[in-house]
Amino acid sequence: VQLQASGGGLVQAGGSLRLSCAASGSIFNAKPMGWYRQAPGKQRELVALIADGGSTNYADSVKGRFTISRDNAKNTVYLQMNSLKPEDTAFYYCNAWGLNGARLELYWGQGTQVTVSS
């Protein structure tokens, strides 16, 4: 299983970015897919999760500004980020569950940098 994240970059405060994470291999779509982020000197934190049925969960800090979605046919999860703030600056990582033989494992993408300037 491999996850390839893209869409990061440099944007001014108030701007928007759309992250994509394409998964390949034996993805287990019945489990949630998600986005996490890690800023320098801080722990990795949950940004958003989306279940197979479409139910979502967001960190309080991004509610109303970020939207997570997924396309199971493409094994891809997206994160639309609007009204970006400098405190959103971080490496953003996607994750998904996949099968390693008969065992379910959680896989992570390589991360994509998001930098928001004030």
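This text goes with the structure placed above it.
Notes on the structure follow. Source: prediction; values computed, not measured.

## Details of the overall build of the protein
Argument step 1. A tally of regular secondary structure across the protein gives 0 helices and 11 strands.
Argument step 2. In sequence order, the protein lays out its α and β elements as β-β-β-β-β-β-β-β-β-β-β.
Argument step 3. Taking 2.2 N^0.38 as the reference for a compact globule, 118 residues should give roughly 13 Å; the C-alpha atoms of the protein span a radius of gyration of 14 Å, in line with that estimate.
Argument step 4. C-alpha extents for the protein along the principal axes are approximately 45 × 25 × 20 Å.

## Comments concerning the sheet that holds strand β7 (residues 66-71)
Picture the strands of a sheet paired through backbone hydrogen bonds; they go either parallel or antiparallel.
Argument step 1. As summarised here, the arrangement of the 4 strands in space is β1-β3-β8-β7, forming an open sheet in which the pairing is antiparallel. Each edge of the open sheet is held by one strand with a lone partner, namely β1 (2-6) and β7. Neighbour-to-neighbour, the strand axes of this sheet turn through a mean angle of 15°, independent of strand direction.
Argument step 2. Summarising the sheet, strand β3 (residues 17-24) and strand β8 (residues 76-81) pair through 6 bridges and their orientation is antiparallel. Considered in β8, the bridge of Ala-22 is made with Thr-76.

## A few points about a nonpolar patch on the surface
Argument step 1. A cluster of nonpolar side chains, contributed by Phe-28, Leu-99 and Leu-104, occupies part of the molecular surface with about 210 Å² of accessible area.
Argument step 2. Considering the arrangement of structural elements, one finds Phe-28 in the loop between β3 and β4 (33-38).

## Quick notes on the state of the cysteines
Each disulfide consists of one covalent bond between the sulfur atoms belonging to two cysteines.
Argument step 1. Per the counting criterion, the structure on display carries 1 disulfide.
Argument step 2. The disulfide bridge from Cys-21 ends at Cys-94, spanning 2.0 Å between sulfur atoms. Here the disulfide of Cys-21 and Cys-94 is right-handed, its torsion about the S-S bond being about 60°. One end of the pair, Cys-21, is in strand β3; the other, Cys-94, is in strand β9 (residues 90-100), and 73 residues separate them in sequence.
Argument step 3. Judged by its relative accessible area of 0%, Cys-21 is buried.
Argument step 4. Look at Cys-94 and you get buried, because its relative accessible area is 0%.

Rules of the game
- Residues numbered from 1 in each chain as written.
- Predicted model: local features only at pLDDT ≥ 70, side-chain atom pairs only at ≥ 80, totals over all residues.
- Heavy atoms only, no water.
- Helix = DSSP H or I, 4+ residues; strand = E, 2+ residues; numbered from the N terminus.
- Rg over C-alpha atoms; globule rule 2.2 N^0.38 Å.
- Pairing = 2+ DSSP bridges.
- Axes fitted to C-alpha atoms, helices over the stretch in contact; angles between N-to-C directions.
- Patch = residues over 30% accessible without salt bridge, like charges linked within 9 Å, V, L, I, M, F, W, Y side chains within 5 Å.
- Areas by Shrake-Rupley, 256 points an atom, 1.4 Å probe, with all protein chains shown as cover.
- Salt bridge = Lys/Arg side-chain N within 4 Å of Asp/Glu carboxyl O.
- Disulfide = S-S within 2.5 Å.
- Buried < 20%, exposed > 50% of the residue type's maximum accessible area, 1.4 Å probe, protein only.

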